[in-house]
Every structure is written in C-alpha cells, then in structure tokens.
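# Close look at the chain arrangement
The primary structure of each chain is shown beneath.
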Protein chains: 2
Amino acid sequence: MKILHASEVKEIIDSVSPEDLIRSIEESFIAYSNGSASVPPVGYLGFQDPPGDVHIKYGHIKDDPYYIIKIASGFYDNYTVGLPTSDGMMIAFDAKTGVLKCLLKDEGYLTDLRTALAGAVSAKHIGPKDIKAIGVIGTGVQARMQLEMLKLITDCREVFVWGRSKENLEKYQVEMTAKGFSIAMANSPSEVLNASNLVVTTTPSMNPLIYQREILPGTHITAMGSDAPGKQEIDHNLFSKASVVACDSKLQCMEHGESHFAIENGIIGEADLHEIGEIIMNPISRKEDDITIADLTGIATQDIKIASLVLDQIDFNP
Amino acid sequence: MKILHASEVKEIIDSVSPEDLIRSIEESFIAYSNGSASVPPVGYLGFQDPPGDVHIKYGHIKDDPYYIIKIASGFYDNYTVGLPTSDGMMIAFDAKTGVLKCLLKDEGYLTDLRTALAGAVSAKHIGPKDIKAIGVIGTGVQARMQLEMLKLITDCREVFVWGRSKENLEKYQVEMTAKGFSIAMANSPSEVLNASNLVVTTTPSMNPLIYQREILPGTHITAMGSDAPGKQEIDHNLFSKASVVACDSKLQCMEHGESHFAIENGIIGEADLHEIGEIIMNPISRKEDDITIADLTGIATQDIKIASLVLDQIDFNP
C-alpha cells in the first residue's frame, strides 16, 4: 500500500494538463449517465456533540483498474482545537482483487478540485460561447477554485464578485488579482448578475441569493453550493426562465440541490432536468439569449476520475 | 495515523482476556438494541469480472472515542493469482474531530473473531446451561474459531463435526484435537444433531442442511453462515419447534439470514424474533427441553467493539 500525503497528491495532480483535467471530469459525468458506473447511495454518519458529518462516497467505473472509497468529514467546532473543519481522503483498491493499493490523504483537495472542474465542464458544455464577464457569489475556497478552473475553458478574466463580508471580499480581490483576474467588488448579488453572463454560486446559503427578476437573457448559472438538504442559492421561480436545466445527477438533484425546489413547486417537471453526462454525449444548441442552469451536488464518479489521474502516475511496483 | 498490520492486530487482540472479549461483544449487542449506536445501512459494491463483493460497515456507539469504517472484500477468483479470497480492514477516526487515527489492516481477522465471539455470546445467553456435546456443521475458518471461542463459556470439549469433504474433516480433526477437543467425525448433519445439544452451523450453503424432524428437545442452534441473501442452513419449518428465536439484528434478519424464511412462510411472526441485545438486557429463562435458535448475520457494532479493544491498547501520543 502506498500512502500519499496532501502535498504529494497536490504535486501530482497539479502536474496534470488542463486538457486531461477537463477530460477526466467530462468522462466522470458520462460514466455516471451512461450506466457504466456503479455508484451506490452515499453513506452518512452524523454527530451531535460536537457537531459533525461524515460522508462516504464510493463506486467503480467499468473497466477502471481501481474502485475508490472516499471518506469526507466536517466537524464544525474543530477551529476551537486548531484543526481544519473539513477533512477527506480517498482509498483506492484493485478492482480485480480487492487489494488495497493506495491511501490518498488529500485532506479534501481532490474534492475541491473536481468540484471546481465540474463548474468549468458545465460552463464549457452549457454556458455561453462568448463569456463577457464571470460573476462569483461567495468568497471561499470554491469561489477561488471555480475561477481558476474556468481559466481552462475561457480567456475571460473580468470578474464581479459578491460576498457578505467586506474583509473577505478584499482578501479575495488581492488573491485573485495576483492570479491574473480583474476583480470588481459588487455591492449585491444583483449587481453581479447585472454585469456577468456566467455566474457561479458557491455559498452554503439556506436562502435564495439570486432572483428571477434580476437575471438577464444569455446568463448561465452554475450553482454548486447546495450540496446537502436545506441549502438553496437560487430562487426556484428563476427556473421558469431557463431553456436548459442541467444537473450532475437527476437522482440527487431531485432530493437536494437547487432543482428539487423548482420541481416541488411545479416550476419545471422532472423531464426538464438533464444530466450533464447526457448533454456531453448529445450536445445542446444554445442560443445567445438563452438562460441556462447547472445544478451540481457532487457525484462519486468525479472522485473516481480525479483520483485515477493521481493513481495513473504512481509506480506500484516497488 | 497509526497503521497496524495483521500480525500486530492479532498480537494485541490475542492478549485481551476472555472476559473482556465476551463483554465487548455483549456490549456490542446491547448498543445495537438499546439505540445508543448509530449504524447506517451496510454499503455494497459488486463486481462481475472477476466476481467480487465489497461491504462497507460503519457506525458509532454513543460516547465511544472513535467511529469505525470497515471495508471487507471477497474476490472469489483470487486463488488463481495466489491471493486470499477475502480481505478486510477497519479505519478508526476520532469521533470528536474526524481525524484519522488508525488503520487496522487485520485482513479480516477481527471480523472472524467477533463473529466467533457472537456465537459464544449466543450460547451463553440463549443456549443450554449444561452443554453435553458441541455439534459443528462445516470445517472452515468459522468451524474452527466458533469452537475456540466456545471455550470461553463452557468446559465441554466433546465435538461432533460434519462437512462435505472427508479430507477437510480429517484436517479439522487433527487441528482441533491439538487444541484440546475430542473430535468425532459424523457421516451426516443428522448425526451431529443426534449427538449434540449445542449446534453451530458455519457453511455458505444455499439449501437447508438441518431439518425439523432431526432436532431433539434441548438443542440450541447458532446459525452464522447465512450472511447474505440466498443463503440458508436451517429448514424454516424447524422454527416452529423453537421456544426462542434470537438474532443479532431484526432489521437484517428479516431481509436475509435464516429467520426471514420462517417469517415469509408464516412459521413465526416478526414479534417472535428477539434481538440478542434485548435478551442480554432482559434474560430469558430457558427450560432444559427448550429448542432455541440464534440467527447471526453480523452487525457493525461488533466491529466497533472489537476494534475498540485493539485501539484501547495503542498509545496515540508519539
């Protein structure tokens, strides 16, 4: 068994070409949607005192050399003892023998990366051809990583960002300016929507931040913050304006994420929801003024594919 | 993170006193039945080519310092490449922070041990006071370990064993004689039933091996082979003679194991099924001629408790 620590995982994955990163996540969506992946329901273990959540995502893609089990935790009081609140690791087993091959102690980095790549893949296949400005709602890890991964699919560097904390907004501006973006701080989500035609929402909000009345023709929204029941970033009425509603997993997005609010309220039907894997296989023709939405909740095939990029570069013969 | 290899796990657990071993499994049954354990449904991943099964059992017992995730695999063609067909490991995480504490690479030994201990605990709480002879159906790992663990709760060393292969029977006799038992080889399961009042069935049989007409008053049967759907060791009609039908988990035993065949065929009702944890808390009074059954399918609290016995002896301060 090999053990890779976070720094080693990071070094390996950061050496992968942009094309291979994008392709791996495209393949993860296709594998999920075309039935070649075995992806059982996510395992969950909850804790009250102190509060914590543990998620086990696992699965196998047909003909892949490994099956992957990802264990991710969030213990929200960890800051009181000087530990990060979230952690994660992936375990790779030989799919022909069950032998434990590798422990990827990536501390959640691979999850962050595949989540950001899913945003870029969504923008590539569903978003506008001509991205004039990128809107970002939120100032956390994904607000940064989504932007960085969008570099792989667009030359646009104009960014409008909104977050609740002025201090965090300023930090974000400094940091992302250093990475080659032109960052304008918006005073409201509405200002972001007004200035951008590709918007990424990255918050853990429990209430809508962007509304139907604010959205302009030609806008694409990638909503990736609502990864658990109870969270919502987009007013469900906005779905009535969308010509395409895409999601990573119909099964998951009818249970949590953004789409289920729209379905439950009769704004769209189940048949209006299309998996990104299906769209990659059968591309849509987007008209310039179309409003589109990608609802991302995170699926195990993304974990499998991103882990595989690391595993492919490891020499398992000692 | 500590990593313990199979030999290290074995050395630690083999130093634990018989009393503590029995107590830990008693506590595991109580925790399962009294609601102090969080035990989500078992995760499963199946493989066709080559054939394999992966089970993820996980959970947490209230106030325990660790939560445990067990990953166990069976790849049935592994013998063709010189590997064991089954493997297993347990991962311990700090229940207050989610920090990965220990990888127990026990290769399934802890599972084998807790399964055998569950047989001993069943015999102790449900079986006859005066064990005259022990019957064993099967000659594999559990046929050996169940017998060894029964040493912890009875002085009886008279054993009648049956298995399909004469060669394996002879090996079993030699090996278990060396461990202090008097082993008689039976020509049929019926002969075993005729000679023993504590019978343990340990086979992966898909068809009943022991029948209603063969069972004598005063017999207790611990059935532990039927750990997955489709397996059956006991004719379901035999349940009509049982004064007590015990199981590790009502939920699991109504889905697989032995009891569900009896329930589905109307031989017993759901209310006739009692969890061993409940019986330990509210002991039954067994009459000498009573026929009793313990149906064991394996539950995560057993894994948690047996792992805890190992973890308790590790110094996590470097």
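The shown structure was predicted, so the numbers you read here are calculated from the model rather than taken from an experiment.

Each value, and the rule that gives it
Residues numbered from 1 in each chain as written. Chains lettered and ligands numbered in written order. Predicted model: local features only at pLDDT ≥ 70, side-chain atom pairs only at ≥ 80, totals over all residues. Heavy atoms only, no water. Least-squares fit on C-alpha atoms with pLDDT ≥ 70 in both. Contact = heavy atoms within 4.5 Å. Domains from an automatic or database assignment. Buried area = accessible area lost by both parts, 1.4 Å probe. Salt bridge = Lys/Arg side-chain N within 4 Å of Asp/Glu carboxyl O. Polar contact = N/O pair within 3.5 Å; in protein donor to acceptor, adjacent residues only side chain to side chain. Nonpolar A, V, L, I, M, F, W, Y, C, P; charged D, E, K, R; others polar. Helix = DSSP H or I, 4+ residues; strand = E, 2+ residues; numbered from the N terminus. Buried < 20%, exposed > 50% of the residue type's maximum accessible area, 1.4 Å probe, protein only. pLDDT = per-residue confidence, 0-100. Expected span 1.5 Å × (residues − 1).

### Describing the relation of the copies chain A and chain B
Least-squares fitting of chain A to chain B yields an RMSD of 0.1 Å, with the superposition described by an axial translation of 0.0 Å and a rotation of 180°. Both chain copies can therefore be described as sitting about a two-fold axis. Judged by C-alpha distance, A:Gly43 is the residue of chain A that lies nearest the rotation axis, at 3.5 Å. A symmetric contact is evident, with 100% of the interface residues of chain A recurring at the interface of chain B.

### A word on the domain arrangement of chain A
Residue and element names in this part refer to chain A. Assigned domains of chain A: these are domain 1 (2-110 + 301-311) and domain 2 (128-298). On a C-alpha basis, the centres of domain 1 and domain 2 stand 24 Å from each other. Buried surface at the junction of domain 1 and domain 2, both sides included, amounts to about 1,100 Å², of which 73% is carbon and sulfur. On the domain 1 side of the interface with domain 2, the three residues burying the most area are Phe 29, Tyr 32 and Ser 33, jointly 43% of the side's total. If you look at where domain 1 meets domain 2, you find zero salt bridges. Inspection of the region where domain 1 meets domain 2 yields three residue pairs in polar contact (both at pLDDT 80 or more). Tallied by class, the residues present in the side of domain 1 that touches domain 2 amount to eight nonpolar, three polar and two charged.

### A closer look at unusual backbone geometry
Here the residue pair A:Asp49 and A:Pro50 is connected by a cis peptide bond, since its omega of -5° sits within 30 degrees of zero. Residues other than glycine seldom take positive phi values, yet A:Glu107 does so here, at roughly 55°. For A:Glu107, the position within the fold is in the loop between strand S7 (100-105) and helix H3 (109-126). Owing to a relative accessible area of 55%, A:Glu107 belongs among the exposed residues under this scheme. Positioned with a positive phi, B:Asp63 is a non-glycine residue whose angle comes to about 75°. On the secondary structure map, B:Asp63 appears in the loop between strand S4 (52-61) and strand S5 (66-75).

### Quick notes on the side chain of A:Gln252
Tracing the chain through its elements places A:Gln252 in helix H7 (residues 250-253). Each residue touching A:Gln252, except ones within four places of it in the same chain, is listed here: A:Val42, A:Thr297, A:Gly298 and A:Ile299.

### Regarding the confidence of the model for chain A
When pLDDT is averaged across chain A, the result is 96; 100% of the residues are at 70 or more. The ipTM value of the predicted complex is 0.92, and its pTM value is 0.93.

### Focus: helix H10 (residues 300-311) of chain A
Residue and element names in this part refer to chain A. Taking 1.5 Å of rise per residue, 12 residues should cover 16 Å, and H10 covers 16 Å from first to last C-alpha, within 8% of that figure. Counted residue by residue, H10 has 12 buried out of 12 residues, so it is predominantly covered. Within H10 the residues assigned to the buried category are Ala 300, Thr 301, Gln 302, Asp 303, Ile 304, Lys 305, Ile 306, Ala 307, Ser 308, Leu 309, Val 310 and Leu 311.

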